[in-house]
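Results of the structural survey
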Amino acid sequence: MKIALFASGNGTNVESIIRSVETGQLTAEISGIYCDVATAKVIGRGKKHGYPVYVFLPSDYQSRRAFEEAIVDQLQQDQVELVVLAGYMRIIRYALLDHYTNKIVNIHPALLPQFPGKQGIKDAYVAGVTETGVTVHWVDRGVDTGPIIAQEPLKVDPNWELAELEAEIHAIEHRLYPAVLQSIIEGSH
Ligand code: GAR
């Protein structure tokens, strides 16, 4: 299955997906990395592994609709079947959802519906929860609201600093996301 990876920042989840493809754990073909931030570290990661990196900046387009249409054109040119959001910090609304209905998957660093939005780890930490975790879900028109595919809980040690919680969450993400993507490819969802 041809997949596209969308990211806005560091790209450690992109890296873990790429490595899973390289080791054969994930039987997907990565058509390219799509990024919406010109300075994002993920751009270098994608290039290092030899993948096309497409930087689509919203500021280059007259509207959000035109921005998403340009992305869809590239996805269709590459015959992408599944869009994988891996730290893509932008709400998807228009052409992307129309053309890839039920074909966009996202990872979120909390147990949805708890702590949606841009800082799920920090919000859970500040709230002082005893348990948080990671969610993989289909993307719909809401913010982190689509049908849940998989969740993995994590007990929070009350002595952890925020950075320790972040490290634990990312470790789960890097294991969980490639495994869930493989189960999607095998038709389990
Ligand atoms: C990840 O923790 C991901 O779950 C989160 O952004 C981080 C990206 O890290 N996504 C969201 O919060 C989406 N609402 P990475 O760039 O190192 O993969």
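Residue positions are given per chain, counting from 1 as you read along its sequence in written order. Local features in this predicted model are restricted to residues whose pLDDT is 70 or higher, and side-chain atom pairs enter the listing and the counts only when it is 80 or higher, whereas totals over whole chains, interfaces and linings include all residues. By convention in this description, side-chain values take in all heavy atoms of the structure and omit both hydrogens and water.

Regarding unusual backbone geometry
The test is simple: A run of DSSP states H or I qualifies as a helix once it reaches four residues; a run of E qualifies as a strand once it reaches two. Both are numbered from the N-terminal end. Residue burial is assigned from relative accessible area. The probe radius is 1.4 Å, only protein chains are included, and a residue is buried under 20% of its type maximum, exposed over 50%, and partly exposed in between.
Residue Pro113 is reached from Leu112 by a cis peptide bond, and omega for that bond is 10°. Locating Pro113 in the fold gives a position in the loop between strand S5 (104-108) and helix H5 (120-127). Even without being glycine, Gln79 reaches a positive phi, approximately 55°. Relative to the helices and strands, Gln79 is located in the loop between helix H3 (64-77) and strand S4 (82-85). Here Gln79 falls in the exposed class, since its relative accessible area comes to 57%. Within the chain, Phe115 stands out as a residue other than glycine whose phi angle is a positive 55°.

Things to note about the side chain of Glu68
Spelled out, the test is: By definition in these notes, contact holds between two residues if any of their heavy atoms fall within 4.5 Å.
Mapping Glu68 onto the fold places it in helix H3. Glu68 gets classed as buried once you look at its relative accessible area, which sits at 1%. In this structure, Glu68 is in contact with Ile91, Ile92, Arg93, Tyr94, Ala95, Leu96 and Leu97, ignoring residues within four places of it in sequence.

Some thoughts on the site of the ligand
Just so we agree on the cut-off: Proximity is defined per residue: any heavy atom of the residue falling within 4 Å of a molecule or strand makes that residue near it. Throughout this description, a polar contact denotes any pair of N or O atoms lying within 3.5 Å of each other; where both atoms belong to protein, one of them has to be capable of donating a hydrogen while the other can accept it, and for residues adjacent in sequence the pair is counted only when both atoms sit in side chains. Only the protein chains shown count as cover for residues, with accessible areas throughout obtained via the Shrake-Rupley method and a probe of 1.4 Å.
In the vicinity of the ligand, 13 residues are found, and the nearest of them are Gly11, Thr12, Asn13, His108 and Glu173. Take Asn13: an N or O atom from its main chain is 2.9 Å from an oxygen atom of the ligand. One of the side-chain N or O atoms of His108 is found 3.1 Å from a nitrogen atom in the ligand. Within the complex, the protein chains bury 90% of what would otherwise be the 450 Å² of accessible surface of the ligand.

Describing the pattern of salt bridges
Opposite charge on two side chains permits pairing when their charged atoms draw close. Threshold: Any Lys or Arg side-chain nitrogen found within 4 Å of a carboxyl oxygen on Asp or Glu counts as a salt bridge.
Applying the stated criterion to the full structure yields 8 salt bridges. We note a salt bridge from Arg45 to Glu15, for which the minimum N-O separation is 2.9 Å. Of this pair, Arg45 sits in helix H2 (residues 41-48) while Glu15 is found in helix H1 (residues 12-23), placing the two residues 30 residues apart along the sequence. Glu15 shares its class with Arg45; the two are buried. With a closest N to O distance of 3.3 Å, Glu131 and Lys155 form a salt bridge. Linking Glu131 in strand S6 (residues 131-138) with Lys155 in strand S7 (residues 148-155), this pair joins segments that are 24 residues apart in sequence. The exposure class of Glu131 is partly exposed, given its relative accessible area of 34%.

Observations regarding a negative patch on the surface
Inclusion rule: Patch definition: residues with relative accessible area over 30% and no salt bridge; like charges joined within 9 Å; nonpolar side chains (Val, Leu, Ile, Met, Phe, Trp, Tyr) joined within 5 Å. Under the convention used here, Asp and Glu are negative, Lys and Arg are positive, and both His and the chain ends fall outside the count. Here the site of a charge means NZ on Lys, CZ on Arg, CG on Asp, or CD on Glu.
A cluster of like negative charges, contributed by Asp157, Glu161, Glu164 and Glu168, occupies part of the molecular surface. Mapped onto the elements, Glu168 comes out in helix H6 (residues 162-185).

Overview of the layout of surface pockets
Stated formally: Here a cavity denotes a set of grid points, spaced 1 Å apart and computed over the protein atoms alone, in which a 1.4 Å probe fits but from which it cannot get out, and a pocket denotes an open set meeting protein on both sides within 12 Å along at least five of seven lines; residues with an atom within 4 Å of a point are reported as lining. Grid points are joined across faces, edges and corners, and a volume is the space filled by probe spheres set on the points. Note that Gly is not counted as nonpolar here; it falls among the polar residues with everything else outside the nonpolar set of Ala, Val, Leu, Ile, Met, Phe, Trp, Tyr, Cys and Pro and the charged set of Asp, Glu, Lys and Arg.
In this model, the largest pocket occupies a volume close to 760 Å³. Forming the boundary of the largest pocket are 35 residues, of which Gly87, Tyr88, Met89, Ile107 and Lys118 lie nearest the centre. Of all the secondary-structure elements, those providing two or more residues to the lining of the largest pocket are H1, S5, H5 and H6. Taken together, the residues that form the lining of the largest pocket break down as 12 nonpolar, 16 polar and 7 charged.

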